[in-house]
Amino acid sequence: EKENKISNMKRFLRVPTVFGSAQTFNFSAAAAATKTKNSRRVDPKVTMSSLKQYLADVPRVQKEAFELAPRVLKKDFNSEIEPVLKYMESEIGLSHDDIGRILHFKKDLLALTESDPKGIITSHQFLKDNLEITSEEAAELFVNYPVATTLKTQKVSQYFKYMREDLGFTQEQLKEAYLTYPRMVEADFDRAKQAIWTLSWMLSLTKEQVVDFLTKFPVVMGAYPLGIQSQIEFLKEECQFKNQHIWKLYNTCPHLLASDVSGLKVGVKFLRDNGARLPQLKAILLAAPEILRLRQGVLGKKKEFLLNNGVSQLEIENILQFHPEVFTRSYKSWQLKTKYLEQRLGIDITAEPTYPLSLNFNYNAVIRPRGELMLATENVKPLKDILALTNEEFCEAIGCTPEELKKKISERSRTSELDFIWDMNSIYDDFIPDDDDDFDEE
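What counts as what
- Residues numbered from 1 in each chain as written.
- Predicted model: local features only at pLDDT ≥ 70, side-chain atom pairs only at ≥ 80, totals over all residues.
- Heavy atoms only, no water.
- Axes fitted to C-alpha atoms, helices over the stretch in contact; angles between N-to-C directions.
- Helix = DSSP H or I, 4+ residues; strand = E, 2+ residues; numbered from the N terminus.
- Parallel < 35°, antiparallel > 145°, perpendicular 65-115°, else oblique.
- Left-handed = near helix turned anticlockwise from the far one by under 90°.
- Contact = heavy atoms within 4.5 Å.
- Buried < 20%, exposed > 50% of the residue type's maximum accessible area, 1.4 Å probe, protein only.
- pLDDT = per-residue confidence, 0-100.
- Phe/Tyr/Trp six-rings, centres within 6.5 Å; stacked < 30°, edge-to-face > 60°.
- Lys NZ or Arg CZ within 6 Å of the ring centre and 35° of its normal.
- Arc of directions from axis to C-beta.
- Core = buried A, V, L, I, M, F, W, Y, C linked by side-chain atoms within 4.5 Å.
- Salt bridge = Lys/Arg side-chain N within 4 Å of Asp/Glu carboxyl O.
- Polar contact = N/O pair within 3.5 Å; in protein donor to acceptor, adjacent residues only side chain to side chain.

Time to look at the packing of helix α21 (residues 363-376) against helix α23 (residues 391-398). The relative placement of two packed helices comes down to the angle between their axes together with the axis-to-axis distance. Their axes nearest at 10 Å, the elements α21 and α23 cross at an angle of 15°. Relative to α23, the element α21 is oriented roughly parallel. Here α21 and α23 pass one another in a crossing that is right-handed. For the pair α21 and α23, contact is made by R370, L373 and M374 and by N391, F394 and I398, respectively.

This is the structure in structure tokens:
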């Protein structure tokens, strides 16, 4: 019995076979290794303090709330982290502010040190070798899209090889496509290939057409093949579109390819319910395909908004037929423009002949700067007399200088004022009113 216990204990203390022979566990060696490992243990507070000292001129890094991944703080700053930071500065040309921004979004970046195959140094070298990107292009890419600092190079190589060898991309086209939409290499590779094949086959496209389209709109790499097939079948059956019409539609609004076919059905139904017969339907969709990306709730809210502001059903149908682009402006921008015209400029929109066509003009670039200058010069004119004018004609009409108008326009950044659907349950509106867009007190 004693011998059996000893035998079982010896079996328990044996490690798995290595190169065909079993090795007995060595307690002395394990203890020595643990002692050596503990002697190299790094104090996380020291690592964070050293990093903050290195990036002392970056406010976001100096904040108490600034955090990094725990495994980063286990790295030795001098031997493992600082070399990577110096590379980011000297080889890529990133400023301390740029590094601070990247670390804010990639909190584990510095855990991937110089020798790590997924680190920023490996990613940068890979892009230099495969796309011949410059330091300036790499810096802009990493700052705007920090995920690119830790590329899965094996998967990305698959994409680049397919695009070069199978599709016929040139080096310049491949580089343009990737820098335009770096997320294209994150989609499932087989699905992306199938999506491209489906689009090409169903619309009878040439390789040149496919390459030109993907160079400008690589977002299609993330589309679903069955979604593309369902869209094209729907447009051919319900709208009587031919291949060239659908191709024009996608070139005007490539993000349709990322939309579900149910969104297209909603848009077509809304247009038909508001007086569009087949010829008008085709014309509207070719002129403003973004309508197909809006859900029934958004289109219905916009229609209700116009009805509540004195626009008749017949006028709405005419707008959809002759000026469908008005409906592609975001609902929030509609609300703010109407409020500005009524409360700030004192315009009765129910009696204004240009309303609601005036909603098509950009708020930050046209409506507000021109409205403010008319108020400043005490020369408020009807919208029909000033909105369609060029900047020079407007200045002459109200008696201001082009420099004054340019200054007013530069006070606010121009947005596209479009409603974007990222998925079937959420809508993102890129139009964000400023804090001072409250005219009740002005």
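With respect to the secondary-structure elements, V61 resides in helix α4 (residues 59-62). Note on V61: relative accessible area 0%, which makes it buried. In the structure, V61 is positioned 39 residues away from G100 in sequence and 6.2 Å away in space, judged by C-alpha atoms. Each residue touching V61, except ones within four places of it in the same chain, is listed here: K52, L55, F66 and G100.

Okay, the confidence of the model for the protein next. Considering every residue of the protein, the mean pLDDT works out to 85; 84% of them sit at 70 or more. Below pLDDT 50 for its whole length, residues 12-25 participates in eleven contacts with residues either more than four positions away or in separate chains. The low-confidence segment residues 30-39, where pLDDT is below 50, has one contact with residues more than four positions distant or belonging to other chains.

We now examine the packing of aromatic side chains. Applying the stated criterion to the full structure yields 13 aromatic pairs. Three or more aromatic residues joined by ring pairs make a cluster, and in this case those are F270, F305, F327, Y331 and W334. Looking at R191, its charged tip hangs above the ring of Y224, at a distance of 4.1 Å from the centre. In this structure, K302 is placed above the aromatic ring of W334, and the distance from its NZ or CZ to the ring centre is 5.5 Å.

Residues F394, C395 and I398 constitute the buried set of α23. Buried residues of α23 fall within an arc of 100° about the axis and therefore sit on the same side. In α23, the exposed positions angled more than 90 degrees off the buried face are occupied by E392 and E396. Check the buried side of α23 and you find it contacts α21, α22 (383-386) and α24 (402-410). Phi turns positive, to about 85°, at G399, one or two residues after α23.

Its location among the elements puts A223 in the loop between α13 (207-216) and α14 (225-238). Distance from A223 to Q194, taken between C-alpha atoms, is 9.5 Å for residues 29 residues apart in sequence. Discounting chain neighbours no more than four positions away, the residues touching A223 are R191, A195, I228 and L257.

On to the nonpolar core. Formed by 126 residues in total, the largest nonpolar core has its most connected members in F160, Y178, L199, Y250 and F327. Beyond its immediate chain neighbours, meaning those up to four positions away, L199 contacts L205, F213, V220, I228, I232, W247, Y250 and L257.

It is worth spelling out the pattern of salt bridges at this point. Across all of its chains, the model carries eleven salt bridges by this definition. Across the pair E82 and K86 runs a salt bridge, and its minimum N-O distance is 3.8 Å. Here K86 and E82 lie together in helix α6 (residues 77-90), a separation of four residues that amounts to about one turn. Note on K86: relative accessible area 45%, which makes it partly exposed. We note a salt bridge from E417 to K337, for which the minimum N-O separation is 2.7 Å. Note that E417 is positioned in the loop between α24 and β1 (419-423) and K337 in helix α20 (residues 331-344), a separation of 80 residues in sequence. The exposure class assigned to E417 is buried, which follows from its relative accessible area of 1%.

Summarising the element assignment, T215 is placed in helix α13. Residue class for T215 comes out buried when judged on its relative accessible area of 5%. Side-chain polar atoms of T215 contact the backbone oxygen of V211, separated by 2.6 Å. With near-sequence residues (within four places) excluded, T215 lies in contact with F169, Q173, E176, A177 and T180.

For the rest of this paragraph, the subject is unusual backbone geometry. Of note, the amide linkage connecting Y355 to P356 takes the cis form, showing an omega dihedral of 15°. Here P356 shows up in the loop between α20 and α21. Backbone geometry at Q240 places phi at a positive 60°, although glycine is not the residue there. Judged by relative accessible area, Q240 falls into the partly exposed class, the value being 43%. Of note in the backbone geometry, E378 takes a positive phi value of approximately 55° without being a glycine. Note on placement: E378 falls in the loop between α21 and α22. Of the residues examined, E378 reaches a relative accessible area of 73% and is grouped as exposed.

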